[in-house]
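Listed below are the residues making up each chain.
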Amino acid sequence: MTSSLSLSLKRRGALLSALALALPLAFASASAHADQLDTITAAKKIRVAIDLAVPPYGLKDEKLNATGSDVETARLLAKSLGLELEIVPTTGANRIPFLQTDKADIVISSMSVTPEREKVVDFSVPYAAILAVVGAPKSMNIAGPADLAGKKVIATRGTTNDQEVTKILPAGTQIVRFDDDATSITAVVSGQADIFATAPPLLKTINEKNPAKQMEPKFTMKVNMLAIGMRKNEPRLKAKLDEFVKAQLKSGELNNIYKKFHGADLPADVTRNAG
């Protein structure tokens, strides 16, 4: 009798131990697979990572208010979802880490869709486009990558511009990387280097700060599609963001925002995504 009771108690103890181990795993699994769209909706706000040092995509006006095409796109999204917008300032290098560490729900920050990024984040359908160019003063004779040999080129670390120019640099070229576009722009304005792998709007910003630079695009490395970034495996959130982009492309609102800040209509490669 004592032996049977002891065996029963041992079995019960083993069962309780197994349950104690299983429950935290079950809760962790449920938490890990919590639907992000539901979480955002419950919070009644959406946290959007935006680089506010990349005009005209993101910047601060004379009253230090956030503005730019990405900021207006984020405001349009929040309004369409009936949510409060919380802008989370970021840099080019921190956009994806901010998603992965839950500092932001999504990224709307001139983030190009690339195969490398698609391995770690998901993207909406493109809402805009950006050119990756090599810019330099008008007086410099640069027609292609070969003309960069022996020269110094500035790029912002972790951007597609950095990636693209790194692929084509000939031997003997010095590349100087800075952690954000604001610092890169300051470096060009102050004369640390004259060649900048960037987007055309940032060349315009340099000319506004130092008209003597007369920066212009010398050649285009790539046309990149810009999309809203989100964490992997959130199908309901992705569907909602895709729906937003397609609807606002069809209504013309995203084109109006782009034209307001960039002075041109969205490329046809973007507008063909209209729903």
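**Examining the overall build of the protein**
Each helix and strand counted, the protein has 11 helices and 12 strands in total. Expressed as a percentage of its 275 residues, the buried residues of the protein come to 45%. Residue pairs in contact within the protein that sit at least 24 positions apart in sequence constitute 68% of those at least 6 positions apart. If you sum the accessible surface of the protein, you get close to 14,000 Å²; carbon and sulfur atoms cover 55% of it.

**Points about the side chain of Asp105**
Following the sequence through the fold, Asp105 ends up in the loop between helix 4 (95-100) and strand 5 (106-107). A relative accessible area of 6% means that Asp105 is categorised as buried. Within the structure, the side chain of Asp105 is placed 2.8 Å from the backbone nitrogen of Arg47, a separation counted as a polar contact. With residues up to four places along the chain from it excluded, the contact list for Asp105 reads Gln36, Ile40, Lys45, Ile46, Arg47, Leu99 and Met230.

**Details of the pairing of strand 1 (residues 45-50)**
Strand residues, when the strand is regular, have side chains that alternate between the two faces of the sheet. Taken across its six residues, strand 1 has five buried, putting it largely inside the fold. Direction of pairing for strand 1 relative to strand 4 (residues 84-89): parallel, over a ladder of six bridges. Note that in strand 4 the partner of Ile46 across the bridge is Leu85. As defined by bridge partners, strand 1 adjoins strand 5 across two bridges and the pair is classed as parallel. From the neighbouring strand, Val48 faces strand 5, where its bridge partner is Ile106.

**Topic: the pattern of salt bridges**
All told, the structure shown has 17 salt bridges when counted by the stated rule. Asp269 is the salt-bridge partner of Arg272, the closest N and O atoms lying 2.5 Å from each other. Exposure remark for Asp269: the relative accessible area of 40% places this residue in the partly exposed category. Sharing partners across several salt bridges, the network here consists of Arg47, Asp102, Asp105 and Arg231.

**Re empty space enclosed by the protein**
Throughout the structure, instances matching the rule amount to two cavities of 30 Å³ or more. Roughly 150 Å³ of volume is contained in the largest cavity. Lining the largest cavity we find 17 residues, and of these Arg95, Ser110, Thr159, Asn161 and Asp181 sit closest to its centre. Of the residues in the lining of the largest cavity, the class split is five nonpolar, eight polar and four charged. What lines the second largest cavity is Tyr57, Ser69, Asp70, Thr73, Tyr127, Ala128, Leu226, Leu254, Ile257, Tyr258 and Leu266.

**What to know about the environment of Pro211**
Its place among the elements puts Pro211 in the loop between helix 8 (200-209) and strand 11 (215-226). Residue Pro211 is classed as exposed on the basis of its relative accessible area, which comes to 58%. Spatially, the C-alpha atoms of Pro211 and Val189 are 9.3 Å apart, while their sequence positions differ by 22 residues.

**As for the confidence of the model for the protein**
Chain-level pLDDT for the protein is 89 on average; 88% of the residues reach the 70-or-more range. Note on residues 25-32: pLDDT under 50 across the span, and zero contacts to partners over four residues away in sequence or across chains.

**Some words on the sheet that holds strand 1**
Pairing within the open sheet is mixed, and its five strands lie in the order 4-1-5-12-6. The strands lining the two open edges of the sheet, one partner per strand, are strand 4 and strand 6 (121-123). Taken strand by strand, helix 3 (residues 69-81) contacts strand 1, strand 4 and strand 5, and its axis lies near 165° from that of strand 1.

**Notes on the packing of helix 3 against helix 9 (residues 235-251)**
How two helices sit against one another is set out by the angle between their axes and by the gap between those axes. Orientation of helix 3 relative to helix 9, taken along the N-to-C sense of each, is 110°, at an axis distance of 11 Å. What the angle tells us is that helix 3 and helix 9 run roughly perpendicular. Crossing geometry of helix 3 relative to helix 9 is assigned as right-handed. Residues Thr73, Leu76, Leu77, Ser80 and Leu81 of helix 3 form the contact with helix 9, whose own contacting residues are Lys240, Leu241, Phe244 and Gln248.

**Here's the deal with the sheet that holds strand 8 (residues 152-156)**
If you trace the five strands from one edge of the open sheet to the other, you get 9-8-10-7-11, paired in mixed fashion. Each edge of the open sheet carries a strand with a single partner, namely strand 9 (174-178) and strand 11. Within the sheet, the average angular offset between the axes of one strand and its neighbour, ignoring direction, is 20°. Here five bridges tie strand 8 to strand 9, and the two strands are oriented parallel to one another. Bridging from a neighbouring strand, Val153 pairs with Ile175 of strand 9. Sheet strands in contact with helix 7 (residues 181-189) are strand 8, strand 9, strand 10 (195-198) and strand 11, and its direction is about 155° off that of strand 8.

Parameters and conventions
- Residues numbered from 1 in each chain as written.
- Predicted model: local features only at pLDDT ≥ 70, side-chain atom pairs only at ≥ 80, totals over all residues.
- Heavy atoms only, no water.
- Helix = DSSP H or I, 4+ residues; strand = E, 2+ residues; numbered from the N terminus.
- Buried < 20%, exposed > 50% of the residue type's maximum accessible area, 1.4 Å probe, protein only.
- Contact = heavy atoms within 4.5 Å.
- Areas by Shrake-Rupley, 256 points an atom, 1.4 Å probe, with all protein chains shown as cover.
- Polar contact = N/O pair within 3.5 Å; in protein donor to acceptor, adjacent residues only side chain to side chain.
- Pairing = 2+ DSSP bridges.
- Salt bridge = Lys/Arg side-chain N within 4 Å of Asp/Glu carboxyl O.
- 1 Å grid on protein atoms, 1.4 Å probe; cavity = no way out; pocket = protein on both sides within 12 Å on 5 of 7 lines; lining within 4 Å.
- Points joined across faces, edges and corners; volume = space filled by probe spheres on them.
- Nonpolar A, V, L, I, M, F, W, Y, C, P; charged D, E, K, R; others polar.
- pLDDT = per-residue confidence, 0-100.
- Axes fitted to C-alpha atoms, helices over the stretch in contact; angles between N-to-C directions.
- Parallel < 35°, antiparallel > 145°, perpendicular 65-115°, else oblique.
- Left-handed = near helix turned anticlockwise from the far one by under 90°.

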